[in-house]
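Residues per chain, in single letters:
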Amino acid sequence: MPRVVTRFAPSPTGHLHLGGARTAVFNWLLARHFGGTFCLRIEDTDLLRSKQEYTDSILASMRWLGLDWDGEPIYQTQRTDLYNAYVERLLQSGHAYYCDCTPEQVEAMREKARKLGEKPRYDGHCRERGLGPGPGRCVRLKLPASGRVAFDDMVKGPIAVDIAELDDMVIRRADGMPTYNMAVVVDDHEMGLTHIIRGDDHVSNTPKQILLYEALGLAVPKFGHVPMILGKDKQKLSKRHGAKAVIEYEKDGLLPQALVNYLARLGWSHGDQELFSMEELIRYFDGTNLNPSAACFDDVKLAWCNAHFMREMPLEKLCDLVHPFVQQAGLGDLANERLRPLCVMFRERASDLVGLAESFRPLVVSAEALSYTEKDTKKHFTKAGAVHLHALAAILANTDFTAEALEAALNAYVADNGLRFKEVAPPLRTALMGFMGGSHLNEIMAFLGQKETLARLERACALCEACPE
RNA sequence: GUCCCCAUCGUCUAGUCGGCCCAGGACAACGGCCUUUCACGCCGUCAACAGCGGUUCAAAUCCGCUUGGGGACGCCA
């Protein structure tokens, strides 16, 4: 197999969204799998809507996802001369011609075709007029009189379209700027693209581009059109239907690895495997096993995937990642020595970094600031609960605050008094956490330390007194 | 309207060129085990080949039609 070159070519008219991200993932994976090159091209020819801040945002999201590109990104606005050279070539070889039809005239042609039950298109009015350059004149590609354009799509298989369905498309606007299809073909060729994986919405552009390659006498790359991603309700993913930018997932505390894994799995499969390391993804993704039908995005499964990676990743790394989220939650600047035990206790109870940071709250705030749920205080801060809390306070005042010693102390209290853990744990847990949740009691107390633990017991005891029963 | 594409559990999907599939895995849901809580983990249950015709000894797998989705028809990208 010759060297593989792929690309991701976003328009900087918005942040990187899920669909684009998946396309990028596929192209990146294909290049990495074959030890090829993955290029980035910024399609910023739409001067009105393109913005530098979006380019920056897209690049930032790519980096966050871990999708590194080779070489410098290419900007289409800087290559007008290149495109024009190709347009000239087409003009010279008789594959293109000038056209002075006004938009109104062209619209009338389209309308006429529509009325005839045909596909609306330009009728080739200026084809043989031999017009030269001039103001208000665009350049159109002269299509072959008949025939079919066929290609073998990597995901959809053979696709063929009758040339009669197409029209002499504009390749250079009257203002001298190349049109999308022209620029894409020139760039894809100049950049040496061998494989182009892109969204479904481009299948109808593909025959036009192939015709351009042929008119130019260039080798046609391999195309792969992945279906678009649908929302939960089977609707097209749009702003209204939960379309989110990658940057938002980052803010929501998702792990890039989880998003890449989930995205890769959407429309691609490797047998029954669901979870992959980056290495595995690269090893298995070879451009086959791509699913031709559209897939719905399911953030519940994404959350599961994320939770998995939160549990599996190295503890130190998790601490680093959760740190900013802890600060953002208003829990202060916790040192790693504090973060570490918290992560150990709560990592398997959260499905994202925001949730993880939030789960630290009860153990990080002071005894006075701890809030209790009404449900659990009502249920566990009873007379009987108070008895245990008082007894425990006395015992814990003389206990080593290590997880082992605390566990032994708790067990001893239960055994010595002929109790069951079930009777003692709920009031203690509620006193410590404010609700019936959290990790093992001994770990919680070891983290809190003696002073804080006793303060919480004291406050809980006071609340018990206030209870009617 | 015209052309192109798609169609397996609620969702993501497996299903090597038809037989081992009265359809497998995962998420979700539900039930159970574990357990001081919540989780994790483990076990189990529910649940799908859009419909109709062919071809064949045999079809989720091949062909046709229907229906239902989606996309494209710009001097936007």
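Up top is the structure these notes are about.
Nothing here was measured: the structure is a model prediction, and the numbers come from that model.

About the cut-offs
- Residue numbers here run from 1 along each chain, matching the order of that chain's written sequence.
- Chain labels run from A onward and ligand labels from 1 onward, assigned in the order the entries are written.
- For a predicted model such as this one, the threshold for reporting local features is a pLDDT of at least 70, and the threshold for listing and counting side-chain atom pairs is 80 or more; totals across whole chains, interfaces and linings nevertheless cover every residue.
- Side-chain metrics rest on all non-hydrogen atoms present in the structure, leaving aside hydrogens and water.
- For Phe, Tyr and Trp, where Trp contributes only its six-membered ring, two rings pair if their centres lie within 6.5 Å, and the inter-plane angle classes them as stacked under 30 degrees, edge-to-face over 60, or tilted in between.
- The classification of residues rests on relative accessible area computed with a 1.4 Å probe and restricted to protein chains. Under 20% of the type maximum is buried, over 50% is exposed, and intermediate values are partly exposed.
- Only the stretch in contact is used when fitting a helix axis, every axis being a line fitted to C-alpha atoms; angles between N-to-C directions are given from 0 to 180 degrees.
- Helix and strand assignments come from DSSP, with helices taken as H or I runs of at least 4 residues and strands as E runs of at least 2, each series counted from the N terminus.
- Angles below 35 degrees are treated as roughly parallel, those above 145 as roughly antiparallel, those between 65 and 115 as roughly perpendicular, and all remaining angles as oblique.
- Crossing handedness: left-handed means the near helix sits turned counterclockwise from the far one by under a right angle, and right-handed means the same turn made clockwise.
- Contact criterion: two residues are considered in contact whenever any of their non-hydrogen atoms come within 4.5 Å of each other.
- When residues are sorted by character, Ala, Val, Leu, Ile, Met, Phe, Trp, Tyr, Cys and Pro go into the nonpolar class, Asp, Glu, Lys and Arg into the charged class, and all the rest, Gly among them, into the polar class.
- Residues are called lining when one of their atoms sits within 4 Å of a cavity or pocket point, these points coming from a 1 Å grid over the protein atoms alone, where a cavity is a set in which a 1.4 Å probe fits but cannot get out and a pocket is an open set with protein on both sides within 12 Å along at least five of seven lines.
- Grid points are joined across faces, edges and corners, and a volume is the space filled by probe spheres set on the points.

Draft legend 1. The packing of aromatic side chains, seen in detail. A full pass over the atoms with the stated rule returns nine aromatic pairs. Aromatic pair Trp268 and Phe276: ring centres 5.5 Å apart, planes at 50°, arrangement tilted. In this structure, Trp268 and Phe276 share a single accessibility class: buried. Ring-pair connections join several aromatic residues into one group, and the members of that group are Phe26, Trp268, Phe276, Tyr284 and Phe285.

Draft legend 2. Just the packing of helix α16 (residues 403-416) against helix α17 (residues 421-433), in detail. With their axes 9 Å apart at the nearest point, α16 and α17 run at an angle of 130° to one another. Put simply, α16 runs oblique to α17. Between α16 and α17 the crossing geometry is right-handed. Here Leu410, Asn411, Tyr413 and Val414 of α16 lie close against α17, whose contacting residues are Phe421, Val424 and Leu428. The residue makeup of the contact of α16 with α17, split by class, is six nonpolar, one polar and no charged.

Draft legend 3. Seen up close, the layout of surface pockets. Of the volumes computed, that of the largest pocket is approximately 1,300 Å³. Forming the walls of the largest pocket are 40 residues, and the residues nearest its centre are Ser11, Gly19, Gly20, Asp201 and His202. Where the lining of the largest pocket is concerned, the elements lending two or more residues are β1 (5-8), α1 (18-33) and β9 (195-199). Looking at which element gives the most residues to the lining of the largest pocket, the answer is α1, with five residues. There is about 300 Å³ of room inside the second largest pocket. Along the walls of the second largest pocket sit 18 residues, with Arg121, Tyr122, Asp123, Gly124 and Leu166 positioned nearest its centre. Tallied by class, the residues present in the lining of the second largest pocket amount to ten nonpolar, one polar and seven charged.

Draft legend 4. Representation of the packing of helix α5 (residues 180-190) against helix α6 (residues 206-216). Close contact between α5 and α6 brings their axes to 10 Å; oriented N to C, the two are set at 60°. In terms of axis orientation, α5 runs oblique to α6. Both α5 and α6 take part in a crossing whose hand is right-handed. In this structure, α5 uses Tyr180, Asn181, Met182, Val184, Val185, Asp188 and His189 to contact α6, whose residues at the interface are Lys208, Gln209, Leu212, Tyr213 and Leu216. Classifying every residue of the contact of α5 with α6 gives seven nonpolar, three polar and two charged.

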